[in-house]
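Chains, contacts and geometry: an overview
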Amino acid sequence: MIDFDKEDLLFLAPLAGYTDLPFREVVKKFGADVTVSEMISSNALVYNSAKTLKMLEKSSCEVPYIVQIAGNNEKIIKEAVLILNDMPGIDGIDLNCGCPVPKVVRQGSGSALLKDLSKMSKIIKTIKKNSNKRYTSVKARLGFDSKIAKEIAITCENSGADFLTLHARTRSDGYKSDRIDYNEIKEAKEVLNIPLIANGNVVNLKSYKNIKNITKADGVMIGRGAIGNPWIFYQIKNDIQILKKEKIQEIVLEHFERMLDFYGEKATGIFRKHLHTYSKNFADATAFRDKVNRVEDPFVLKQYIKSFFAS
Ligand SMILES: Cc1cc2nc3c(=O)[nH]c(=O)nc-3n(C[C@H](O)[C@H](O)[C@H](O)COP(=O)(O)O)c2cc1C
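Conventions and cut-offs
- Residues numbered from 1 in each chain as written.
- Predicted model: local features only at pLDDT ≥ 70, side-chain atom pairs only at ≥ 80, totals over all residues.
- Near = placed C-beta within 6 Å.
- Nonpolar A, V, L, I, M, F, W, Y, C, P; charged D, E, K, R; others polar.
- Helix = DSSP H or I, 4+ residues; strand = E, 2+ residues; numbered from the N terminus.
- Domains from an automatic or database assignment.
- Contact = placed C-beta atoms within 7 Å.
- Buried ≥ 20, exposed ≤ 12 C-beta atoms within 10 Å, placed from the backbone.
- Pairing = 2+ DSSP bridges.
- Right-handed = clockwise from strand over helix to strand, strands pointing away.
- Core = buried A, V, L, I, M, F, W, Y, C linked by C-beta atoms within 7 Å.

Some thoughts on the site of the ligand
- Around the ligand, a shell composed of 21 residues is seen, among which A13, P14, M39, G223 and R224 lie nearest.
- For the shell around the ligand, the class distribution of residues is 8 nonpolar, 10 polar and 3 charged.

In structure tokens, the structure reads:
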């Protein structure tokens, strides 16, 4: 299902608050091979919150589709997996071992699992044993404070993970650009038998080639580089840099239509953050953002988009 031998295997990273169903549909159109849900708390899933179930919905074009869960309690994780087992169209369950947010870390979830690899191993085994999905995977940072990517990689493989994604920073590195360490991913790749996906700071073809060359990873995952630039997947696969403004207008309008379908009237407010990034490199972006921040009517917003992105 996931072709790990493919030349340019590209994943869309989970980005809480951004990579919802409408956005994933848009990137799919531009050639993203694998999409992943936003992080879903295993607790929230087990307690059946309507918001969580909405976050799990996928588009029919999302094949393969991976759901990412977070948690540190094996019993709750098992219950969450059993719930996901009853949902068709999910091809894998990914364990979040990278989230740096203090609230998540305090609960022993996300990147906190990198401080306790035996706990991480038990959770991976719990998912693998109970899941009826094709893939069990892990997305991790290089470590919590210190870099232990090789140990993480070996633990994941020995616990039954089918593939691993590594974000090239530790938890302490946050998102600092100068902390990116692709060599640490390369070293993990050398000890692994399962496929490895490399992640961190890929924003164009040049940075894509760089991460591939250094890490020799089987695939690359792109997060922030796709926000405001969902065509990055097409650019990488086809070596095209410039996109005409009228094409951008078409994409932005289509993205907004999909948001309206998915969120109804709330879409106008939720879409603002995307408009901020779509308009980033254009003249008069500040005035445009100021206008869209105050609009509530989707029809008016569409008119603003049409005139701002007019050629
Ligand atoms: C706003 C935001 C939300 C994120 N949400 C998640 C998440 O839900 N699950 C996860 O594993 N990583 C999450 N991440 C981390 C990204 O998936 C990715 O690993 C990180 O941004 C580095 O890749 P990039 O430089 O391509 O963005 C998030 C990052 C950001 C900036």
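Considering the environment of D239
- With respect to the secondary-structure elements, D239 resides in the loop between helix 10 (232-238) and helix 11 (245-263).
- With 56 residues separating them along the chain, D239 and N183 place their C-alpha atoms 25 Å apart.

Looking at the domain arrangement of the protein
- Split into domains, the protein comes out as domain 1 (10-238) and domain 2 (245-308).
- A C-alpha centroid distance of 29 Å is found between domain 1 and domain 2.
- Of the residues lining the interface, 9 residues belong to domain 1; the matching set on domain 2 comes to 10 residues.
- Among the residues forming the side of domain 1 that touches domain 2, the class breakdown is 7 nonpolar, 1 polar and 1 charged.

Concerning the pairing of strand 7 (residues 163-167)
- Summarising burial for strand 7: 5 of the 5 residues are buried, a large majority.
- What you see with strand 7 is no split at all: F163, T165 and H167 on one side and L164 and L166 on the other are buried throughout.
- Bridge count between strand 6 (residues 135-141) and strand 7: 5 bridges; the pairing is parallel. By the bridge assignment for strand 7, A140 is matched with L166.
- Handedness of the β-α-β unit built from strand 6, helix 7 (residues 149-158) and strand 7 comes out right-handed.

Description of the nonpolar core
- L164, L166, L196, A198, V220 and I222 are the most contacted members of the largest nonpolar core, which totals 71 residues.
- Looking at this core, the element that brings in the most residues is strand 4 (residues 65-70), giving 5 residues.
- Those residues in contact with L166, other than ones at most four positions away along the chain, are A140, L142, A149, I185, A188, L196, A198 and N199.
- F271, Y278, F288 and F309 belong to the second largest nonpolar core, which has 13 residues in total.

Digging into the pairing of strand 5 (residues 92-97)
- Taking burial as the measure, the 6 residues of strand 5 include 6 buried ones, the bulk of the element.
- Here strand 4 runs beside strand 5; their pairing, made up of 4 bridges, is parallel. Bridge pairing in strand 5 links I66 to G92.
- Each parallel crossover has a hand, and the one from strand 4 via helix 4 (residues 74-85) to strand 5 is right-handed.
- Looking at chain direction, strand 5 and strand 6 are connected through 6 bridges and run parallel. Its bridge partner lying in strand 6, L95 is registered against V138.

A word on unusual backbone geometry
- A cis amide bond, omega -5 degrees, links V63 with the succeeding residue P64.
- Positive phi, close to 60 degrees, is recorded for K216, a residue that is not glycine.
- If you trace the backbone, K216 turns up in the loop between helix 9 (205-215) and strand 9 (219-222).
- By C-beta crowding, K216 is classed as partly exposed, having 14 other C-beta atoms within 10 Å.

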